[in-house]
Amino acid sequence: MKIADTELLQTLSKLKKNGYVTLIALTAEDLSHNDNTENEFKLTYTLYNPVNKEFMEIETTTNGQIQSISALYKSANYDEREIYDLFGIKFKNHKNLKRIFLSENFEGHPLKNDFTTAKTQNIQGIQA
């Protein structure tokens, strides 16, 4: 099911009340082109209803900022931090949105299409 990013929290809240109580996965994909200055990302939320044994996928797009769902689904906390770290998507109202894999002084987000590995960075004393 595709929804607008402004409807995300409301839609997921309704689905949780209707039995989709588990967030199985949250994934991101960079839809922008290397030469495009506009950010466009697709986020896919995979939910599970254990009573009916049904899965549901919710897709939305964002320009790089979207509402956090970590208060609704606790498992989103880690996924949102990972996506922020690797794609640079900011999750509004996330209580601890900081890098989870890369050091705080790492420049850029390696899974974005515009990321270039030509840059060299000194990360905690290691030349990358």
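The structure displayed is predicted, hence computed values, not measured ones.

Examining the overall build of the chain
Within the chain, the secondary structure is distributed over 2 helices and 7 strands. For the chain, the α and β elements follow one another from N to C terminus as α-β-β-β-β-α-β-β-β. Burial statistics for the chain: of 128 residues in total, 39% are counted as buried. Of the contacts made within the chain by residues no fewer than 6 positions apart, 47% connect residues no fewer than 24 positions apart. For the chain, the accessible surface area stands at approximately 7800 Å², while carbon and sulfur atoms represent 47% of it.

Notes on the sheet that holds strand 2 (residues 41-49)
Taken in spatial order, the 3 strands of this open sheet run 1-2-3, and their pairing is antiparallel. Taken across any chain shown, the strands that pair with only one partner, and hence form the sheet edges, are strand 1 (22-30) and strand 3 (54-62). Looking at each pair of strands side by side, their axes are set apart by 15 degrees on average, direction ignored. In terms of strand pairing, strand 2 meets strand 3 through 9 bridges, oriented antiparallel. In the strand pairing of strand 3, Lys 42 is matched with Thr 61. Its contacts with the sheet put helix 1 (residues 8-17) on strand 2 and strand 3, and the angle it makes with strand 2 is roughly 15 degrees.

Re the confidence of the model for the chain
Per-residue confidence for the chain gives a mean pLDDT of 90; residues scoring 70 or more make up 88%. The least confident element of the chain, judged by mean pLDDT, is strand 7 (residues 126-127) at 50; the most confident is strand 2 at 98.

Looking at the nonpolar core
Counting 22 residues, the largest nonpolar core has Leu 12, Leu 43, Tyr 45, Leu 47, Ile 69, Tyr 73 and Ile 89 as the members making the most contacts within it. For this core, the secondary-structure elements that each account for two or more residues are helix 1, strand 1, strand 2 and helix 2 (76-87). Not counting residues up to four positions away in its chain, the partners in contact with Tyr 45 are Leu 8, Leu 12, Leu 23, Ala 25, Leu 26, Met 56, Glu 57, Ile 58, Thr 60, Ile 66, Ile 69 and Phe 91.

Rules used in this analysis
Residues numbered from 1 in each chain as written. Predicted model: local features only at pLDDT ≥ 70, side-chain atom pairs only at ≥ 80, totals over all residues. Heavy atoms only, no water. Helix = DSSP H or I, 4+ residues; strand = E, 2+ residues; numbered from the N terminus. Buried < 20%, exposed > 50% of the residue type's maximum accessible area, 1.4 Å probe, protein only. Contact = heavy atoms within 4.5 Å. Areas by Shrake-Rupley, 256 points an atom, 1.4 Å probe, with all protein chains shown as cover. Pairing = 2+ DSSP bridges. Axes fitted to C-alpha atoms, helices over the stretch in contact; angles between N-to-C directions. pLDDT = per-residue confidence, 0-100. Core = buried A, V, L, I, M, F, W, Y, C linked by side-chain atoms within 4.5 Å.

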